[in-house]
Amino acid sequence: MNDEPELICYIDGDNGYYKFFAPPKGAIVTQAFIFCKRCGTAIYPCTGPKPDAICIPCYEKEMSYER
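Worth saying up front: this structure is predicted, and the values here are computed from it rather than measured. (Residues numbered from 1 in each chain as written. Predicted model: local features only at pLDDT ≥ 70, side-chain atom pairs only at ≥ 80, totals over all residues. Heavy atoms only, no water.)

Caption draft 1: Structural context of helix H1 (residues 56-65). Taken as a whole, H1 has its buried residues at Cys58, Tyr59 and Glu62. Seen along its axis, H1 keeps its buried residues to an arc of 100°; they face one direction. Considering only its buried residues, H1 is in contact with strand S1 (7-13), strand S2 (16-21) and strand S5 (53-54). (Buried < 20%, exposed > 50% of the residue type's maximum accessible area, 1.4 Å probe, protein only. Helix = DSSP H or I, 4+ residues; strand = E, 2+ residues; numbered from the N terminus. Arc of directions from axis to C-beta. Contact = heavy atoms within 4.5 Å.)

Caption draft 2: Main features of the pattern of salt bridges. All chains considered together, the criterion is met by four salt bridges. A salt bridge links Lys37 to Asp12; the nearest nitrogen and oxygen atoms lie 2.9 Å apart. On the criterion of sequence distance, the pair formed by Lys37 in the loop between strand S3 (34-35) and strand S4 (42-44) and Asp12 in strand S1 is long-range, its members being 25 residues apart. What makes Asp12 partly exposed here is its relative accessible area of 22%. A single network of salt bridges, built from pairs that share partners, joins Asp12, Lys37, Arg38, Asp52 and Glu62. (Salt bridge = Lys/Arg side-chain N within 4 Å of Asp/Glu carboxyl O.)

Caption draft 3: Quick peek at the sheet that holds S2. Pairing is antiparallel across the open sheet formed by three strands, whose spatial order is S2-S1-S5. Of all strands in the sheet, those with a lone pairing partner are S2 and S5, marking the two edges. With two bridges joining them, S1 and S5 adopt antiparallel strand pairing. Residue pairing in the sheet places Ile11 in a bridge with Ala53 of S5. Packing against the sheet, H1 makes contact with S1, S2 and S5, and its axis sits at approximately 55° to S1. (Pairing = 2+ DSSP bridges. Axes fitted to C-alpha atoms, helices over the stretch in contact; angles between N-to-C directions.)

Caption draft 4: View of the nonpolar core. Core analysis: the largest hydrophobic core is formed by 16 residues, its most contacted members being Ile8, Cys9, Ile34, Ile43 and Tyr44. Going through the elements one at a time, S1, S4, S5 and H1 are the ones with two or more residues in this core. Ranked by residues supplied to this core, first place goes to S1 with four residues. Dropping the residues within four chain positions of it, Cys9 is found in contact with Tyr18, Lys19, Phe20, Ile43, Ala53, Ile54 and Ile56. (Core = buried A, V, L, I, M, F, W, Y, C linked by side-chain atoms within 4.5 Å.)

Caption draft 5: Looking closely at the side chain of Thr47. Tracing the backbone through its elements, the reader meets Thr47 in the loop between S4 and S5. When its relative accessible area of 13% is taken as the criterion, Thr47 is described as buried. Ignoring any residue separated from it by four or fewer positions in sequence, one finds Thr47 in contact with Phe20, Pro23, Val29, Thr30, Ala32 and Ile34.

Shape is all these values report; function is a separate question.
Put into structure tokens, the structure is as follows:
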């Protein structure tokens, strides 16, 4: 059994990006979707809203441009 939390997106913070993980099973969460601020894709069906969330494909694309 894998106890590591699932990475669901990145948050665009003041000092760069930080990882945002799925809540643990049984956690009490809001029933609001998280949408990507770049492409509008639904990232996760709860714990939202997160207006600065970036989906993993958009994050990877952005990081490839910075190299």
